[in-house]
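Observations on the three-dimensional arrangement
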Amino acid sequence: MANKNILLVEPGYRNKYPPLGLMKIAQYHGPAGKKDHVRFVKGEDPSAYETAWDRVYITTLFSFEWARTERSIDYALDLVGGQAHRVFVGGIAASLMHDKYISEPKWRGVRFIKGLLGEAPATSLQLDPFDEELYAEDTNGKPIEDLVPDYSILDQIGYEYPVSDAYFTYASRGCVRKCAFCGVPTLEGMQRDTNSLTEVVEGVSKLYGEKRDLILMDNNVVASANFKEIIAEIIDLGFERGAKLKRGRYELQRRVDFNQGVDARILCKDPMYLQQLASIALKPLRIAFDHLGVKKPYSQAIRYSAEAGLTELSNYMLYNFKDSPQDLFERMRLNVDLNEELDVRIFSFPMRYQPVNRPDRGHVGDKWNSYYLRSMQVILQATHGIVSGAPDFFRKAYGDTYEEFENILLRPHHFIFNRYWYEQFDGRPEFDEFQSVMSALSDDERTELTRYLCERDKNDYEHDLNVLAPGKLRDAARFFVPMSKAEEAKIWEAQKRRRVEDISAYLVPEDERVEDAALTDEDVPPSAGSKKNVDKINQVFA
């Protein structure tokens, strides 16, 4: 039953890592599996209409990417002429929002897969043998979850993933914690070890060549009872500390990344954990710092890291959950203090909380407000999503005290994004006037101004000024009227001719940053032409 046409679709959002689930499905259907014709597209590629598809698989990622995922599902249904039984949707959002997906009337008949493809293929894909569905007889085959990912499909699209020269796998699944903000318990269940890392790494190397890095997507690897054995296996695979990969005349520094972070509450119990991690080519060490309640174990974990020689650190900082802006500031400020005290380099990546079952980014935590949240995003856009622990950089971007930080959050967003223009260049007189007006406001007036900014779209700020009493409150609100794109473009052009501080020393390589799709809302355009193999595939399908 080979030679079927299989389409794999990743919605047109921007993401850091390639779709591991689709890569495993490609292996199942590809030359080493069912010997079907497999094609991969990013977004709604119109050239796919040239082929009659026997099955279409769609992956999902963040729940707030509902709109883009909806477009991809509608596109798939159109490709198969409305034959919903040919369309399969899985991944993170489809699992966490399973009820919402299956209750959508226009998608009736589409298979929405919840969780991992950890059983025999026909079982995981919900195939019905009575309907003689494609491969419904495959009830004893190796689970798709356990297959070696097919890297060759990445050559079929023009989109470049920031991380691609790497083995993507897991040493463990699930987590011992049940954090209220996290979707892992629903997606993966309790903590357990996976199959051999060696099997995956050697399988990828044999089929697609040796990779430079090892990206382990475990949710809490230090909680594994076999943690030491996992570290030993990583070393045996050629990823010991200082390891290099030789390619031709060049030697490339290898890197291990537990990209979901490790648990400070376990690391702080025994320096053994950091000593073990220091024995591999770990860069960076990622530790979660989700609220001030874990300040003590977090600080101890950082100290053990420094003692073990791990000085390149990164952490996730959840905000907009049960924390407050002051809680977030104190966590960021602590990293500055630890950097100075221990001579380490900690980069923080604030991650805005969104409920795992919400289809948009509109959640506002009880101790936050919508204007402050948007201000935080503007700051992060200007700094590439990074909070550097370098004292000078931090003070300029976030202030030296919570009062200064809150004043920055209550600035016009074009002042925040174009900070140098307004603090150092031609915009300084306007900035000074703004500061003077704001300092004259009482606490009640600042509260009223904040409410005004939160209760309406920014494009209505100018139109609605008359709802504010004449005087200093209305005068302050005028500064928040957005600039036109043309005016802001003039500022950017003028700044190019000025000497602006080079922040590159405070940044980290793109492949070491976290995946936070909220920093940009741009679509990935469908490729006009894939990098290779597409012409061949189209000829087969024509």
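Heads up: these notes are all about the structure in this document.

Analysis parameters
Residues numbered from 1 in each chain as written. Predicted model: local features only at pLDDT ≥ 70, side-chain atom pairs only at ≥ 80, totals over all residues. Heavy atoms only, no water. Salt bridge = Lys/Arg side-chain N within 4 Å of Asp/Glu carboxyl O. Helix = DSSP H or I, 4+ residues; strand = E, 2+ residues; numbered from the N terminus. Buried < 20%, exposed > 50% of the residue type's maximum accessible area, 1.4 Å probe, protein only. Expected span 1.5 Å × (residues − 1). Contact = heavy atoms within 4.5 Å. Pairing = 2+ DSSP bridges. Phe/Tyr/Trp six-rings, centres within 6.5 Å; stacked < 30°, edge-to-face > 60°. Lys NZ or Arg CZ within 6 Å of the ring centre and 35° of its normal. Axes fitted to C-alpha atoms, helices over the stretch in contact; angles between N-to-C directions.

Description of the pattern of salt bridges
Per the stated rule, a full pass over the model turns up 35 salt bridges. Where Asp165 meets Arg247, a salt bridge forms, and the shortest distance between an N and an O atom there is 2.8 Å. Taken together, the positions of Asp165 in the loop between helix 5 (121-124) and strand 6 (166-169) and Arg247 in strand 10 (residues 244-247) put the pair 82 residues apart, joining distant regions of the chain. Residue classification places Arg247 among the partly exposed positions, given a relative accessible area of 32%. Between Arg333 and Asp400 there is a salt bridge, and its shortest N-O distance comes to 3.0 Å. Of this pair, Arg333 sits in helix 12 (residues 325-342) while Asp400 sits in the loop between helix 14 (391-398) and helix 15 (402-409), and the two are 67 residues apart along the sequence. What makes Arg333 buried here is its relative accessible area of 17%. Overlapping salt bridges, with partners in common, bring together Arg212, Asp213, Arg255, Asp257 and Arg286 in one network.

Overview of helix 19 (residues 443-454)
If you check helix 19, its first and last C-alpha atoms are 17 Å apart, about what 12 residues at 1.5 Å a residue would give, namely 16 Å. Buried-residue contacts for helix 19 involve helix 13 (370-382), helix 15, helix 18 (428-439) and helix 20 (472-478).

With respect to the pairing of strand 9 (residues 213-216)
Alternating residues of strand 9 divide into Asp213 and Ile215 and Leu214 and Leu216, and every residue in both groups is buried. Bridging between strand 6 and strand 9 involves four bridges; their strand directions are parallel. Residue Phe168 lies in a different strand from strand 9, and its bridge partner there is Ile215. As defined by bridge partners, strand 9 adjoins strand 12 (residues 256-258) across three bridges and the pair is classed as parallel. The residue of strand 12 that forms the bridge with Ile215 is Asp257.

Examining the packing of aromatic side chains
A full pass over the atoms with the stated rule returns 33 aromatic pairs. A centroid spacing of 6.0 Å and a plane angle of 35 degrees characterise the contact between Tyr452 and Tyr461, whose relative ring orientation is tilted. Judged on exposure class, the residue Tyr452 and its partner Tyr461 are both buried. A network of ring pairs unites the aromatic residues Tyr371, Phe415, Tyr422, Phe431, Phe434, Phe479 and Phe480 as a single cluster. Above the face of the Trp66 ring, Lys100 is positioned so that its terminal group lies 4.7 Å from the ring centre. Looking at Arg173, its charged tip hangs above the ring of Tyr170, at a distance of 3.5 Å from the centre.

Observations concerning the sheet that holds strand 2 (residues 37-42)
Within the open sheet, the five strands sit side by side as 2-1-3-4-5. Their pairing is parallel. Single-partner strands in this sheet number two, and they are strand 2 and strand 5 (111-112). Note that strand 4 (residues 87-91) and strand 5 share two bridges and pair parallel. The partner of Val89 across the bridge, within strand 5, is Phe112. Packing of helix 1 (residues 20-29) onto the sheet brings it into contact with strand 1 (5-10), strand 2 and strand 3 (55-60), and relative to strand 1 it is tilted by some 175 degrees.

Any functional reading would require information beyond the geometric quantities listed.
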